[in-house]
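# Geometric and topological summary
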Amino acid sequence: MSTAYGASRELLQGVPTVTTPRQEFYNKDLNTSILKFGCFRPKFCVPSGLCKRLNSRSTNSSRALSISSSSCDEKTEGLTYKDAGVDIDAGSELVRRIAKMAPGIGGFGGLYPLGDSYLVAGTDGVGTKLKLAFESGIHETIGIDLVAMSVNDIVTSGAKPLFFLDYFATSHLDIDLAEKVIKGIVDGCQQSDCTLLGGETAEMPDFYAPGEYDLSGFAVGIVKKDSVIDGKNITVGDILIGLPSNGVHSNGFSLVRRVLERSGLSLNDRLPGGSVTLGKALMAPTVIYVKQVLDIVSKGGVKGIAHITGGGFTDNIPRVFPRGLGAAIYKDSWIVPPVFNWIQEAGKIDEAEMRRTFNMGIGMVLVVDKEAALRILGDGQGTNTMYCIGEVVSGDGVSYR
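Figured I'd write up the structure that's included with this text. Positions within a chain are numbered from 1, following the residues in the order the chain's sequence is written. Side-chain atom pairs in this predicted model are given and counted only at pLDDT of 80 or more, local residue features only at pLDDT of at least 70, and totals for whole chains, interfaces and linings cover all residues. Side-chain figures throughout are based on the complete set of non-hydrogen atoms in the structure, without hydrogens or water.

## Topic: helix α4 (residues 175–191)
Put simply, the rule reads: Under the DSSP-based scheme used, a helix requires at least four consecutive residues in state H or I and a strand at least two consecutive residues in state E, with every element numbered from the N terminus. Expected span of a helix: the number of residues minus one, times 1.5 Å. Burial classes follow relative accessibility: with a 1.4 Å probe on protein chains only, a residue under 20% of its type's maximum area counts as buried, one over 50% as exposed, and anything between as partly exposed. Taken from the helix axis, the directions to the C-beta atoms give the arc we talk about. In this analysis, two residues are considered to be in contact whenever any of their non-hydrogen atoms come within 4.5 Å of each other. Contacts described as polar in this section are N or O atom pairs within 3.5 Å, which, within protein, must combine one atom able to donate a hydrogen with one able to accept it, while residues neighboring in sequence count only if both atoms come from side chains.
The end-to-end C-alpha separation of α4 is 24 Å, in line with the 24 Å expected for 17 residues at 1.5 Å each. The set of residues buried in α4 consists of L177, A178, V181, G184, I185, G188 and C189. Along the axis of α4, the buried positions cluster into a sector of 140 degrees, meaning they face one direction only. Summarising the geometry of α4, the exposed residues directed more than 90 degrees from the buried face are I175, D176, E179, K183 and Q190. Of the surrounding elements, those touching the buried residues of α4 are α3 (142–154), β5 (160–170), β6 (195–203) and β7 (213–224). The opening residue of α4 is D174, an N-cap whose side-chain oxygen sits 3.2 Å from the backbone nitrogen of D176. Looking one or two places after α4, you find D193, whose phi comes out positive at around 55 degrees.

## Brief notes about the sheet that holds β7
Our working definition: Only when DSSP finds a minimum of two bridges between them are two strands counted as paired. For helices, the fitted line uses only the C-alpha atoms of the stretch in contact; every axis is such a line through C-alpha atoms, and the angle between N-to-C directions lies from 0 to 180 degrees.
With mixed pairing, 5 strands are arranged side by side in an open sheet as β3-β4-β7-β5-β6. Of all strands in the sheet, those with a lone pairing partner are β3 (110–114) and β6, marking the two edges. The average angle at which neighbouring strand axes cross in this sheet is 20 degrees, direction not considered. Inspection of the sheet shows strand β4 (residues 117–125) paired to β7 by 9 bridges, in the antiparallel sense. Counterpart to V120 in the pairing with β7 is G221.

## Details of the sheet that holds strand β8 (residues 239–244)
Within a sheet, neighbouring strands are paired by backbone hydrogen bonds and run either parallel or antiparallel to one another. One open sheet accounts for 6 strands, arranged β9-β11-β8-β12-β10-β13; its pairing is mixed. Every other strand in the sheet has two partners, leaving β9 (302–307) and β13 (398–400) as the edge strands with one partner each. When strand polarity is set aside, the average angle formed by the axes of neighbouring strands in this sheet is 25 degrees. Two elements, β8 and strand β11 (residues 362–368), share 6 bridges in a ladder whose sense is antiparallel.

## Description of the pattern of salt bridges
We count it as follows: In what follows, salt bridge is the name for a side-chain nitrogen of Lys or Arg lying within 4 Å of a carboxyl oxygen of Asp or Glu.
According to the stated counting rule, one finds 9 salt bridges in the structure shown. Among the ionic pairs, D295 bridges to K299, the shortest N-O distance being 3.8 Å. Taken together, the shared-partner salt bridges connect K331, E351 and R355 into one network.

## Quick word on the packing of aromatic side chains
Stated formally: We call Phe, Tyr and Trp rings a pair once their centres come within 6.5 Å, taking the six-membered ring for Trp, and we label the pair stacked below 30 degrees between planes, edge-to-face above 60, and tilted otherwise. Geometrically, a lysine NZ or arginine CZ counts as sitting over a ring once it is within 6 Å of the ring centre and also within 35 degrees of the ring normal.
One pass over the structure, following the stated rule, counts 5 aromatic pairs. When the centroid spacing of 6.0 Å and the interplanar angle of 55 degrees are considered together, the rings of F340 and F358 count as tilted. Note that F340 is positioned in helix α9 (residues 338–347) and F358 in the loop between α10 (351–357) and β11, a separation of 18 residues in sequence. The buried category is assigned to F358, whose relative accessible area is 1%. The rings of F134, F168 and Y213 are connected pair by pair, giving a single aromatic cluster. In this structure, K225 is placed above the aromatic ring of Y118, and the distance from its NZ or CZ to the ring centre is 5.4 Å. Directly above the ring of Y400 sits R355, whose terminal nitrogen or CZ lies 3.8 Å from the centroid.

Below you can see the structure in the form of structure tokens.
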């Protein structure tokens, strides 16, 4: 897990907290689930400001967020992220301590004033997903993950990415291997319409194991001051729109690797309940949401955006909410990729632990007013999949219904 924090000298004078959304969906077919709510037709009306749960749930799609406790092996203790060596609470405590030294810390990206605009910056790595890259030999897409983790953060402010820089470190430079990694970075930059401005290649003998390397990346974007998305205007009754992930993305891999070890399966084995190998399912590159999000933002009505990374809904959605507001999430309103069901069952992982460690099939959450939600979901039909996953309510935290 990486604990991200960003400073906004003028905007983020406090760390916003809490969420509690509600959701609904219309399963158009197995591949496209576009939400419709509001009053297009009587059955789609939204009573009392809530998303009305729609019918037509597919019995062939995987939607469960957890397995029944009765299906767990009573003799096998369930795994946790902390068992795998990652302490989310410790990371959060570090952010709180940093915030005392640099007031304003807490956003997904740091905002720096520049005339009538803000430069928005973010940095991240790929984490222990690299370990699976070394084991699987899949290096061509890990650079996409690297770019995604930073540009997806800065777009939450409504910023358009401008440029990206990378850092590639290894004990002995394997030119062919490095070229594969950089190719993925170039691909990620193309997907997000930003320029690969430069980077650093560090060859450090004896520092890394043979054949291994480490990555980090840095992205800078720009947004007009009067167009910044900061969550300040979020109110009760606003709708949460979820953009689907394609799997684990780039968080939680310390726990994933522990589950893989316990399962007795290899990366070449087929994913239980899936149509690909575990290696391909786990190494699927992080979705880059930049173009889709900026298109949605251009339609107006977007009040807040949360990138769902380490900490899941539990820790990430509250980062964009004003105090006193929460989110009511409806568990069956989106399709959960099979890989999460396998992780939970093979690791005997508690439902709350799954929700706080993984994205569970939703990589980005947008908070919009009802009118905008109707327009966005209506316009999106037939193009990008979106889900109405909840709504804003009074209270603190994220609840699940």
